[in-house]
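# A closer look at the structure
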Amino acid sequence: MKKLLATALLATAFSANALDITFATEPTYPPFENTDSNGNIVGFDIDIANAICAEIQANCKFQSHAFDSLIPSLKFKRFDAAISAIDITEERAKQVSFSNPYYDSSASFIVVKDKADLSSAKNIGVQNGTTFQQYIAENGKQYSAKSYATLQSAILDLKNGRIDIIFGDTAVLADWMKTDDSLTFTGEKVTDPKYFGNGLGIAVNQASSELLAELNKGLAAIKANGEYQKIYDTWMSGK
């Protein structure tokens, strides 16, 4: 009985001392993050965060936020970290701190089959607040850009002929096309290191150096023990 009581007290003490981490994410971006039929936030990023939390013995939870609010809100510590397919860029790194990269990113263009291509497209859709929007503003001046709160809204406009082409994350667009054969890639992948070549990272407030160290510790552990590869194979197979 005493042994059971001691075990229970240790478990309670551990729970009380465990690190609590609230992650913010924009859950309309499969396979990185999405909401399932039960209203739970799921996806590659969520599994990565949960695996890291298990390694560093932290309690983690997830909140839904608009993508373009993630970094501004993080600066005011409205949550602890953001994991939402966020490209590590020099400009963002001036505002927040990033973990080591957990995914190599690239960008691609998609069109409705037989409707348009890079040479004839005029109106292009991009998600607001993303590096894709920034890239087109700098390097796609031949297009008339329209920004969207979610990729789904952009795809709806693409299919209805309101825009000619979309520029976005290659893995996300590939995941969408698995269930929509009316769309196709066009042109080459873009891996400009100013926008996409540094990979995706978990963002934290610049004052959260201890949290950042713990996240990097957990990330290194799941890469070393094979858990990262299992998660990658589950969500990114064929990307």
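Residues numbered from 1 in each chain as written. Predicted model: local features only at pLDDT ≥ 70, side-chain atom pairs only at ≥ 80, totals over all residues. Heavy atoms only, no water.

In the nomenclature of an unreviewed UniProt entry, the chain is known as Amino acid ABC transporter substrate-binding protein, PAAT family of Pasteurella testudinis DSM 23072. In UniProt, the chain has this text filed under Sequence similarities (unreviewed entry): "Belongs to the bacterial solute-binding protein 3 family." Recorded under Subcellular location (unreviewed entry), the UniProt text for the chain is reproduced unchanged: "Periplasm". (UniProt positions renumbered as here; feature names shortened; annotations may be inferred.)

### A short note on the nonpolar core
One finds Phe-23, Phe-32, Phe-44, Tyr-102, Tyr-103, Ile-166 and Phe-167 to be the most contacted residues of the largest nonpolar core, which totals 58 residues. A total of 6 residues in this core trace back to one element, the largest contributor, which is helix α2 (residues 44-55). Among the nonpolar cores identified, the runner-up in size contains 12 residues, and Ala-24, Phe-67, Phe-79 and Ala-203 belong to it. (Core = buried A, V, L, I, M, F, W, Y, C linked by side-chain atoms within 4.5 Å. Buried < 20%, exposed > 50% of the residue type's maximum accessible area, 1.4 Å probe, protein only. Helix = DSSP H or I, 4+ residues; strand = E, 2+ residues; numbered from the N terminus.)

### Here's the deal with helix α7 (residues 170-177)
Counting buried positions along α7 gives 7 out of 8 residues, so the element sits mostly inside the fold. Of the positions making up α7, those classed as buried are Thr-170, Ala-171, Val-172, Leu-173, Ala-174, Asp-175 and Met-177. If you follow the buried residues of α7, they end up packed against β7 (107-112), α6 (151-159), β10 (165-169), β11 (183-190) and α9 (227-236). Its side-chain oxygen at 2.9 Å from the backbone nitrogen of Ala-171, Asp-169 defines the N-terminal cap of α7. (Contact = heavy atoms within 4.5 Å. Polar contact = N/O pair within 3.5 Å; in protein donor to acceptor, adjacent residues only side chain to side chain.)

### Examining the state of the cysteines
Under the definition given, this model contains 0 disulfides. Cysteine Cys-60 remains unbridged, with the sulfur of Cys-53 as its closest cysteine sulfur at 3.1 Å. Here Cys-60 falls in the partly exposed class, since its relative accessible area comes to 23%. (Disulfide = S-S within 2.5 Å.)

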